[in-house]
Structures are given as C-alpha cells and as structure tokens.
Amino acid sequence: MACATGPDPPGDSSGDGGGEERPAWDNRLQYLLSCVGFAVGLGNFWRFPYLCQTYGGGTFLIPYLIALVFEGIPLFHIELAIGQRLRRGSIGVWMAISPYLGGVGLGCLTVSFLVSLYYNTILTWVLWYLLNSFQHPLPWSACPLDLNRTGQAICSLWPARDGPPVPGLVEECRDSSAVSYFWYRQTLNITADISDSGSVQWQLLVCLAASWAVLYLCVIRGIETTGKAIYFTALFPYLVLTIFLIRGLTLPGATQGLVYLFTPDMQVLWNPRVWLDAATQIFFSLSLAFGGHIAFASYNPPRNNCERDAVAIALVNSMTSLYASIAVFSVLGFKAVNDHGRCLDGNILRLINAFDLPDQSISRDDYTAVLARLNVSRPEWVAGLHLDACRLEDFLEKSAAGTGLAFIVFAEAVLHMPGAPGWAVLFFGMLFTLGLSSMFGNMESVITPLLDLGVMPRGVPKELLTGLACLVCFLSATCFTLQSGSYWLEIFDHYAAPLNLIFFAFFEVVGVVYVYGMKRFCDDIAWMTGRRPGLYWQVTWKVVSPLLLLTIFVAYISLLASTPPSYKAWNPQYEQFPDSGNLTGPCSPSHREVLPAKIHRCSGDAQPGPRQETSHPAGRRTLAPNLGPRLHWEPSGTG
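In what follows, the accompanying structure is described. Just so it is clear, the model here is predicted, and its values are computed rather than measured.

Here's the deal with helix 9 (residues 202-219)
Moving on, step 1. Its 18 residues give helix 9 an end-to-end C-alpha distance of 26 Å, which sits within 8% of 26 Å, the value for a rise of 1.5 Å per residue.
Moving on, step 2. Buried within helix 9 we find Leu204, Leu205, Cys207, Leu208, Ser211, Trp212, Leu215, Cys218 and Val219. Seen from one end, helix 9 has its buried residues packed into an arc of 165 degrees, which puts them on one side. Exposed side of helix 9, more than 90 degrees from the buried face: Trp202, Val206 and Leu217 are the residues found there.
Moving on, step 3. Buried residues along helix 9 sit against helix 6 (102-132), helix 8 (178-187), helix 10 (223-249), helix 19 (420-453) and helix 20 (462-477).

Here is the structure:
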C-alpha cells in the first residue's frame, strides 16, 4: 500500500515546546535496546517464574499469551505510535490530544516518580549484596560469632538438627539460618512492624546514594548518555542468564526443577485469579502507562515502523521471561536436590546411630527400602526417632518470588556451587544492570515531560534539571533506609502503582481511539509505517483492550475490597527469622506462610507469643513461626 499522508500532529511538530530540534537516537538499535531494557526488569526474573510454577507450569502460558495478544501488544503499539507521531512526553501528548486528558499524563509522571523511589531502593539492596560478594567465604554462608566472642556456647543444640553444640554463634542466627540472618538483620535490621520506624541504616543510605549517583551519570543528558550505557545494561543480563542457564542445566537436579516448573495442570484455568495475574503480569512487564515508552518513541524518526517495533519488543520481553524461568528453576532444582539429600543424610545418620549399624551402610538410594524394613521389624523405635519427611516434591514446592527469591533462596543456592563468590557477583551484577536499565525508562518518564513543559528557564542546562530530579528522588527515598523501610516499600509497591496504572491505561486507549479518533490515528500510522492498521489492531483498540482493562480494573478493586490493606511484619515474639522456604518480596502480590522449623532455647520454655503448633508427618510437634501476623495498615487519623 502506498504511504498515505496523515494529518499533521497538533501543535509544533518538534514537540519540545520551544522550537528547538528534538534529540534523536544515534541508531535504531539504541532505541530498541532502551525499550527492551525498560520493559525487561526484575519482574521478569523473580515474578514470572513464580507465577508459572504456582499456576500449573505450562498451563499459565495459555492465559499469559491470550493477555499478550489482546492486551499487551495493542496497548504497547498505541504508546509507541502516539509518542512517535506527536513527538512529546506523556503530559505533552495527552494535552495535545485534549486538555482534559492532561491529568493522565500528570498521573503517569507521578506514578513513575513514586515507582522510581522504591525501585532504586531495591537496587540499593542489590548493590549491598554485590559489594559483599567480593569476599570469600560469602558473609551469608555462616552465622557470625556472638558479640563478646568468648567462644562460650549460648545454646546447646542446633535447631531441628542432631550433632554437637556449636559454640559462640549469634543465637538469633542459629535459630534461623545464616542466609536469613544476613538479609533480615545485617542488611535490613528490620523492626517488629511499621509503627516502629527505627533508625537509618547507614550502609544502606550510602548504597542508596551510590545507586542514584550511578543512575544520574547514566541519564545526565537524556538519550545521549543512556543510549551509550544501554548497550551494556540491556545486554549484560542476557549474558549472565545464559551463563546461569548453561551451568544450571549441568547441575544435578536441573531436570527435576524444570519438570516441576512446566508440568501442566489444566484445572487451574478455572481459577479467575490465574487470568487476573496473567493480565497484570503482561501489563506491568511491558511497563505500560508509565510514559517511558511514549518518551522513548518521541525521539524516533517520524516514519519509523512503530508497528514492527511494538510486536518485536513485546515478544522479546515475553521470551526473556520464559528464558529466565528455565535458568532460575534449573538452579532451584539443584538446590532442592541438595536440600533433599541433606535431609536424607540426617535421617540416615539417626538410623545408623539408633540401630548401631556400620558407617555408610545405608545409601541415599537404599534409604526408602531400609526404612520400610525397619518400620516392619522395629516400628516403635523408628517412631521415636522423629525422622523428617524427606520428599523431593516438598523441597521443589519451596517457591519464592521477589526479594525472597533473590536475597534468600538464590543467595543460598549459590553457596552450594563451586566458586560461590564468583557466581554471587554475576548474579547480583545481573540484577543491578537489569534494574538500572528499567530505571532509565522511569526517569525518562519524569524528566521528558518536565522538559516539554518548560518548567525550568530556557538557559538552565538539562544536566541541572536531571540532577535536581535525582536529588529529590534520593531525598524522598531515604525513608526506605530506615529499619522499617522494607515495610513502607511493600506498601508503596502494592498500593501506589498497580491500580493507578490500569486506570491511566484505560484512559490512554479511550483518549486515542475515541477522542483523538480511530480514523485519524490509523491515518497517522499509515503515514509513519506505509500501511494502515489491519482488522486485528482496530478491533483490539476499539473493543477488546478497553473491555479487558475495565474488567481488570473492576477485578482489582474487588480484590482490594475483599482483603484490607496489609503488609507482612516480623514479630519479635517469634524466636526466629522467616525460613527460606516460602517467601515473597515487595514485587509480588502473593504471600505464603514459611515452613515450620523447630526452636531450641537454652532455658525454660519459649517466650509466650502468638504461635501456631503444627504436626509433622512423623508426629513431631513443632513451633511454626512465620513472618508475623498480617498487620492491617490504615492511614493515620482513621482511629
């Protein structure tokens, strides 16, 4: 089809509000990598694999792909096309379409600002772990000595383990694990709940300043500098993922992990929550309604093929999620097999000691048969040993998302790999660059609209505006370095962005299709790409996508109404930190209880507190600590 000449965009075609020439990408690869870097973020690594594993493995891909085709790609195409045609940031685009839609652009800017605060705080935690990875052994590989360093045993037993006493270790760490202790105490130094703000953690404050300084150096001149940095920040995570994938597939247990991940369960398709999570995962994974893609597209040549870019970037994003899932669960399968093996070894040692058997007389392969024979001949003796129920499936089910995956489960997994510090440096370096490239888009969502609106005098350099924006963000984010900072981060993540973004996306579609006009928009695309949008695009834009967004919005409202605002808190009346079994972090909406673990105290009974007793299959009574009660959060002044 011949190129149709569409109508001129409203106002000045340069879109900068000042008649100056708009910056442009050095080449198309810079633009594509920037969009991929903004879309592919931490959620691809630590939420998509968790959702796949939770919702029937490969079955989750069915609602995921449906949401991608009918929601993700059409919305993504709208943002790239309208940004490229009108050549403005988010506020400028919607003001150009209609002054009444200016609030949509302002809302996108506000949400991008809020998300930048806590997203870069996660990078602060990653940077802290990265810096601590340059040592051997890793600091989370063993519990530290007690403060007086006398070497006197604080407690006579390891919790839920047989063996000699371990002298001189911090009791809090012995009662949980070295990995959990390093995260909850040595990194976060977490308080009991959000009402206790605690003090500033200076090591985190320094890392926060360093993270914002690195980000400022990358975005100091907009796409002129991010376009250079993106070559590394967007490509390095793929290199590391490939390294982890190759290494993970060679580890024992990788096959079990992947089989468990992708084993289909078609019954989950009847669960409405699966469809809601699939739709929201697509929505947030592509970074829709933030305004970053509109800003990036505004620097494109006017006749760039935005349709091809939208489809290609969306597919790359989804394939990255799948690729990351394979790499993650190959390593988690290795960890599960290791944990399962250690569980069997503990039971075997108890059997050998109890029945006075020769050393190494029972192998892991023979354990089940030997235990069956002993259960027949000496059932009362076996019952008295309180053997652990060692099922590989139980260890594979110890799924995690968010910070629980990165800072506990995966941090523990690398300890079992030869050359653990090197793997830790690669892993946390990958997370840092992954998040950094996403922050480029978040900051572009804030700075580009401000530049287009001319909030600073014409003579003020762009570097100063960028510096002021980063400084304001840094100062605003210092609350997350308090001991209660992780609680506030979780509240921000759950309640500041998701519902607002869905709301703004709905008005983006309505604004383009019904205010700007479908015919005019199709004419614009024909002018830019050389062909008019087909039936698929027009139907999804006009009917399917708005209805899907409206349905998601109503479902999300219903979900929030049925579950009062809450957050997970660590209650000090539990004598141990959350176990590494089932943890979810700030970027995941799901919360699951941690596994029970036995607590041994030196004197008397455990302190009174809200505990829950559970029975193990072997009959042993244990105390089941969790991350604390779900404390309901209400705005101040609600009585």
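Some words on the state of the cysteines
Moving on, step 1. As enumerated under the stated definition, the model contains 1 disulfide in all.
Moving on, step 2. Two residues share a disulfide in this structure: Cys343 and Cys390, whose sulfurs sit 1.9 Å from each other. Judged by the torsion about the S-S bond (-75 degrees), the Cys343/Cys390 disulfide is left-handed. Taken together, the residues Cys343 in helix 14 (residues 306-355) and Cys390 in the loop between helix 16 (379-384) and helix 17 (392-396) connect sequence positions 47 residues apart. Assigned by exposure class, Cys343 and Cys390 land together as buried.

A word on unusual backbone geometry
Moving on, step 1. Pro137 follows His136 through a cis peptide bond whose omega is 0 degrees.
Moving on, step 2. Considering the arrangement of structural elements, one finds Pro137 in the loop between helix 6 and helix 7 (171-174).
Moving on, step 3. Positive phi outside glycine occurs at Arg87, with the angle close to 55 degrees.
Moving on, step 4. One can find Arg87 in the loop between helix 4 (61-86) and helix 5 (90-97).
Moving on, step 5. Not every positive phi belongs to a glycine, and Ala289 is a case in point at roughly 70 degrees.

Considerations on a nonpolar patch on the surface
Moving on, step 1. On the surface, Ile62, Ile66, Val69, Phe70, Met266, Trp275 and Tyr536 cluster together to form a nonpolar patch covering roughly 580 Å² of accessible area.
Moving on, step 2. Considering the arrangement of structural elements, one finds Tyr536 in helix 23 (residues 535-562).
Moving on, step 3. Here Tyr536 falls in the partly exposed class, since its relative accessible area comes to 32%.

Some details on the pattern of salt bridges
Pairs can form between side chains of opposite charge whenever their charged atoms are close.
Moving on, step 1. Evaluated as defined, the whole model comprises 16 salt bridges.
Moving on, step 2. The shortest N-O distance in the salt bridge between Asp452 and Arg22 comes to 3.2 Å. Residue Asp452 is located in helix 19, and its partner Arg22 is located in the segment before helix 1 (28-39); the two are separated by 430 residues in the primary sequence. Here Asp452 and Arg22 have matching classes, each one buried.

Brief notes about helix 20
Moving on, step 1. If you check helix 20, its first and last C-alpha atoms are 23 Å apart, about what 16 residues at 1.5 Å a residue would give, namely 22 Å.
Moving on, step 2. All buried positions along helix 20 are accounted for by Leu465, Thr466, Ala469, Cys470, Cys473, Phe474 and Ala477.
Moving on, step 3. Looking at the buried residues of helix 20, the elements they touch are helix 6, helix 9 and helix 19.

Rules used in this analysis
Residues numbered from 1 in each chain as written. Predicted model: local features only at pLDDT ≥ 70, side-chain atom pairs only at ≥ 80, totals over all residues. Heavy atoms only, no water. Helix = DSSP H or I, 4+ residues; strand = E, 2+ residues; numbered from the N terminus. Expected span 1.5 Å × (residues − 1). Buried < 20%, exposed > 50% of the residue type's maximum accessible area, 1.4 Å probe, protein only. Arc of directions from axis to C-beta. Contact = heavy atoms within 4.5 Å. Disulfide = S-S within 2.5 Å. Patch = residues over 30% accessible without salt bridge, like charges linked within 9 Å, V, L, I, M, F, W, Y side chains within 5 Å. Areas by Shrake-Rupley, 256 points an atom, 1.4 Å probe, with all protein chains shown as cover. Salt bridge = Lys/Arg side-chain N within 4 Å of Asp/Glu carboxyl O.

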